[in-house]
Amino acid sequence: MTENATEVTAAGIARLAGVGRAAVSNWRRRHADFPLPVGGTGTSPSFALAEVEQWLRDQGKLVEVPLRERVWQAIAGHPAGAVQALIHTGCALLLVRDRPTAWLELAAAPDERMAALLPHAMEHVLTDRFGPEADTGVHTVPSPEASGVHTALPSEVPGVHTALSPGAPGVHTPSRAESPAAESPAAESPAAESPAAESPAVRAAGTPDGRSPHADRAVHTPTARDLMPSVPLLRAAAELAAGIGAGQAFAFLLGRQLDANPRQYTLTPAHLAELMADLAEPPPTADRTARGQHVRTVLDPAAGTGALLRAVHGPAALYGQEADPALAALTALRLALDADTPRGAAPGPDLRTGDTLRADAFPELAADTVLCHPPFNERNWGHEELAYDPRWEYGLPARTESELAWVQHVLARLRDGGTAVLLMPPAAASRRSGRRVRAGLLRRGALQAVIALPAGAAPPYGIPLHLWVLRRPEPGVRPAADVLLADTTGLPGPTTAAPEAAPTGGRERLDWPAVRAAVLDAWRERADVEGVSRVVPVVELLDDDVDLAPARHLPRPAPGGGASGLGEIREKLAETLRLTAELVPPAAVPAGSAHLPLTTVGELARAGALRLRTGTAAPGSAPVPVLTEHDVLTGAAPAAPAAPPAAEATGTDAEETILLEPGDVVVPVVGGGSAARVVDGTTAGAALGRNLQLLRPDPAALDPWFLAGFLRGTANHRQASSHASTAARLDARRLHLPRMPLADQRRYGERFRELAAFEDALRTAGRLGGLLVQGMYDGLADGTVTP
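Residues numbered from 1 in each chain as written. Predicted model: local features only at pLDDT ≥ 70, side-chain atom pairs only at ≥ 80, totals over all residues. Heavy atoms only, no water.

Before going further, it helps to examine the environment of Ala50. Mapping Ala50 onto the fold places it in helix H3 (residues 49-59). We classify Ala50 as exposed; its relative accessible area is 58%. Along the sequence, Ala50 and Pro35 sit 15 residues apart, while their C-alpha atoms lie 9.9 Å from each other. (Helix = DSSP H or I, 4+ residues; strand = E, 2+ residues; numbered from the N terminus. Buried < 20%, exposed > 50% of the residue type's maximum accessible area, 1.4 Å probe, protein only.)

Hydrogen bonds between backbone groups are what pair the strands of a sheet, and the pairing can be parallel or antiparallel. Here four strands make up an open sheet; going across it, the order is E14-E19-E16-E17 and the pairing antiparallel. At either end of the open sheet lies a strand with only one pairing partner, and these are strand E14 (610-614) and strand E17 (677-678). Two strands pair when backbone bridges link them, and strand E16 (residues 665-668) and strand E19 (residues 692-697) are joined in this way by four bridges, in the antiparallel orientation. Within the sheet, the bridge partner assigned to Pro668 lies in E19 and is Leu692. (Pairing = 2+ DSSP bridges.)

A few words on the packing of aromatic side chains. Scanning the entire structure with this criterion turns up nine aromatic pairs. Centre to centre, the rings of Phe34 and Trp55 are 4.8 Å apart; their planes meet at 70°, and the pair counts as edge-to-face. In this pair, Phe34 is assigned in the loop between helix H2 (21-30) and strand E2 (39-40) and Trp55 in helix H3, connecting sequence segments 21 residues apart. Look at Phe34 and you get buried, because its relative accessible area is 6%. Ring geometry for Trp381 versus Trp392: centroids 6.0 Å apart, planes at 85°, classification edge-to-face. Linking Trp381 in the loop between strand E7 (367-372) and helix H15 (402-412) with Trp392 in the loop between E7 and H15, this pair joins segments that are eleven residues apart in sequence. Here Trp381 matches Trp392 in class, with each residue buried. Grouping aromatic residues by their ring pairs yields a cluster made of Trp27, Phe34, Phe47 and Trp55. (Phe/Tyr/Trp six-rings, centres within 6.5 Å; stacked < 30°, edge-to-face > 60°.)

So, about the pattern of salt bridges. Under the criterion given, the structure shown has 39 salt bridges. The salt bridge partner of Asp98 is Arg97, with a shortest N-O separation of 3.2 Å. The class of Asp98 is buried, set by a relative accessible area of 13%. With a closest N to O distance of 2.2 Å, Arg516 and Asp278 form a salt bridge. With Arg516 in helix H17 (residues 512-525) and Asp278 in helix H12 (residues 270-280), this residue pair connects regions lying 238 residues apart in the sequence. By relative accessible area, Arg516 is classed as partly exposed at 31%. Judged by relative accessible area, Asp278 falls into the buried class, the value being 9%. Look at the salt bridges and you will find they share partners, linking Glu393, Asp416, Arg444 and Arg472 into a network. (Salt bridge = Lys/Arg side-chain N within 4 Å of Asp/Glu carboxyl O.)

Looking now at the pairing of strand E4 (residues 296-300). With five of five residues buried, E4 is to be regarded as a mostly interior element. The side-chain alternation of E4 yields two buried faces, one formed by Arg296, Val298 and Asp300 and the other by Thr297 and Leu299. Pairing of E4 with strand E5 (residues 316-322) involves five bridges; the strand directions are parallel. Along E5, the bridge assignment pairs Arg296 with Ala316. Of the strand pairs in this sheet, E4 and E7 are connected by two bridges, and their pairing is parallel. When the sheet's bridge partners are listed, Leu299 is paired in E7 with Val370.

All right, on to helix H6 (residues 100-107) then. Buried within H6 are the following residues: Ala102, Trp103 and Leu106. Looking straight down H6, one finds that the buried residues subtend no more than 100° of arc, so they occupy a single side. In this fold, the buried residues of H6 make contact with helix H5 (82-98), helix H7 (111-130) and helix H10 (231-244). (Arc of directions from axis to C-beta. Contact = heavy atoms within 4.5 Å.)

Following Pro459, the chain continues to Pro460 via a peptide bond in cis, the omega torsion being -5°. Among the structural elements, Pro460 can be located in the loop between strand E9 (447-452) and strand E10 (466-471).

With that settled, consider the side chain of Arg352. Summarising the element assignment, Arg352 is placed in strand E6 (residues 350-353). A polar side-chain atom of Arg352 sits 2.7 Å from a polar atom in the side chain of Asp350. (Polar contact = N/O pair within 3.5 Å; in protein donor to acceptor, adjacent residues only side chain to side chain.)

This paragraph deals with helix H14 (residues 325-338). The end-to-end C-alpha distance of H14 is 20 Å, a good match for the 20 Å that 14 residues give at a rise of 1.5 Å each. Taking burial as the measure, the 14 residues of H14 include eleven buried ones, the bulk of the element. Among the residues of H14, Leu327, Ala328, Ala329, Leu330, Thr331, Ala332, Leu333, Arg334, Leu335, Ala336 and Leu337 are the ones counted as buried. Buried residues along H14 sit against H5, H7, helix H11 (246-260), helix H13 (307-310), E5 and E6. (Expected span 1.5 Å × (residues − 1).)

The next thing to look at is the sheet that holds E2. Read from one edge to the other, the open sheet built from three strands follows the order E1-E3-E2, with strand pairing classed as antiparallel. Of all strands in the sheet, those bounded by a partner on one side alone are strand E1 (7-9) and E2. Here two bridges tie E2 to strand E3 (residues 45-48), and the two strands are oriented antiparallel to one another. Directly across from Gly40, in E3, lies its bridge partner Pro45. Against the sheet, H3 makes contact with E1 and E3, and its axis sits at roughly 75° relative to E3, the strand it touches most. (Axes fitted to C-alpha atoms, helices over the stretch in contact; angles between N-to-C directions.)

Turning our attention to the confidence of the model for the protein chain. Any residue range with low pLDDT should be treated as having predicted coordinates unsuitable for detailed reading. Per-residue confidence for the protein chain averages 80 on the pLDDT scale, and 78% of its residues sit at or above 70. Long-range and interchain partners of residues 136-214, a stretch whose pLDDT sits below 50, account for 147 contacts in this model, where long-range means more than four residues apart. Across residues 494-505 the pLDDT falls below 50, and counting only partners more than four positions away or on other chains, this stretch makes 30 contacts in the model. (pLDDT = per-residue confidence, 0-100.)

Right, let's get into the pairing of E10. With respect to burial, E10 is a largely interior element, five of its six residues being buried. Strand direction decides the pairing type here: strand E8 (residues 414-424) and E10, joined by six bridges, are antiparallel. Pairing of Thr419 across the sheet is with Arg471, part of E10. Sheet topology note: the E9/E10 ladder contains five bridges and is antiparallel. Across the sheet, the residue bridging to Ala452 is His466, located in E10.

This is the structure we're talking about:
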């Protein structure tokens, strides 16, 4: 095996072969020629990807590995780690897109020479996009000899004429005395000629292109030694980009990395990012004459994965800062590769690394717009060392009020009259330790609106987060006398528009079109809407608590539409109870101890009687509704998509999406409960969600209701489940089914269908009864219903 070969875990092997991890364990035990581990630990070994692929191919277990899967496995098993592999890939994809001729000629060289030549080519592209490296002497591109790779200079490579050779069109090759990092891109970069370069807000940042003179760029040029183990990966990534585009290729790979490490990154969902960007847009009646003279400047001081900056509409100069250097590099590359054209009219995204509150990378920037999803509940944000910071115009934030420190930092980076939108925890609106700062924001007119979102809008998903809309006060302009408070937490979910269905909440049940419409209507109209929004005078809020929580200042709508709707709910409940009584199963008749011959789902799949598929779609990741585990367990309909999604943002694509057909049987694979759902006409066409397994029976061999009914048996479910950690996982292949003729299957299936209808009626009656009871309690308590 070659040194630094790509490694893959048992989970990766299972993904390659389309089986479960238990099957991989069985292969290791039963096949003496299975590849030996080359790394990892005893409990989690890793294997050489090339050896595994060859073994799977020899055994006939690997028909075809999709290119995107091979590239991802190479990244996941990279010896330097997935993050560094992604950075190398992003730099290469930027070169592929911006200078395709140079890439093709470089790719013609052998791996060692290609690794030696790549840093110089990458440095030119990165400088064009992100500006030169800071003059620190640390991040310059070493010569091939200095990097430990002995090779000829570009003009001396025998048999390879590259676009990096001296005199090649569009490429300037520096001499040894001329550091690529010190070369100014002003002569080459179109960004230097864009209208944004003349913006006063950008010019104030300290350099001709608006970049802070003391901050280094986020993406550093990798050395030849670092790139050497990545060359095969980069070739494969370029092949993937040739099929789907460089931007989509990188977005897909980055999405896989984010999905594989959900606890490592705090994500801002795309729909929420778009809503925040829309809130920051100037109103249609605003005078845009002055603003139209330059490209709008947008700052995200806690950039994360760049979701907020990607949501910005129209041409804009994008600025961001991120404390994690690796994440800052990935975000900068994602933004650069997301550009509509290889070189846009606006300057490339300026992403900087560092602690924003302690070491602001843009101390003189006056942005038109600031979008921010700051970290919550930070105690070590710099309270002591920043006590006399000039940014605290509205009061020194308490040690426990890091979010209010971010609020004031954002206001300090806005131009006069500029708008900011922040995602905030609900406690920031009401904690007593922050009342002085909140009062200062109200008195100065800086706080324009506080909008409560439903739980599940963003992590942490269990609480209803707030959006704060801020505007930097303009000298000589009288502060606003009121603040908009809006509460969308009571909006019904996508399948709960009818009054008899109670909102279920959760990120998978959010009706984003309804939330978006309610928020934007409340913001643009600034009108009082019962139960949703209210324009509150500032003097009413300036009490001892300065509590800005919207729920405290406008009543929530009563369940069922108030007293007037309780009669309708009562009638529907009575009708549902009548139907439920009719569907009560007849008395059970004891049967003799019949021993029917059994088979397993796995055997039926091998015989072609059914097909097994595993769901991969996440809510919002497909242009169609996504059936989730929650839907199967509760009998709810799949939620409609909020908007056409960018499939690459979630690490999935259209080829992986499995669409449901009538007669399919869907079972959850995690959780330990027995459940199965037969897809009907109303659910058909939806995408199969994660943690779900689909069984598609052949109608000539299996009745779907017969299949679903026996899959729900408690004993059957228990024997097919295994326990790992605190959760049970179902192996659908081990589920048992009796062997019987199709006519007998249909007789059983009809009884199972009747039981399912009875179960649905019970669910509906329970929801209606809960609404009626709560509505009566509320009506009696607030005086709208007489005793």
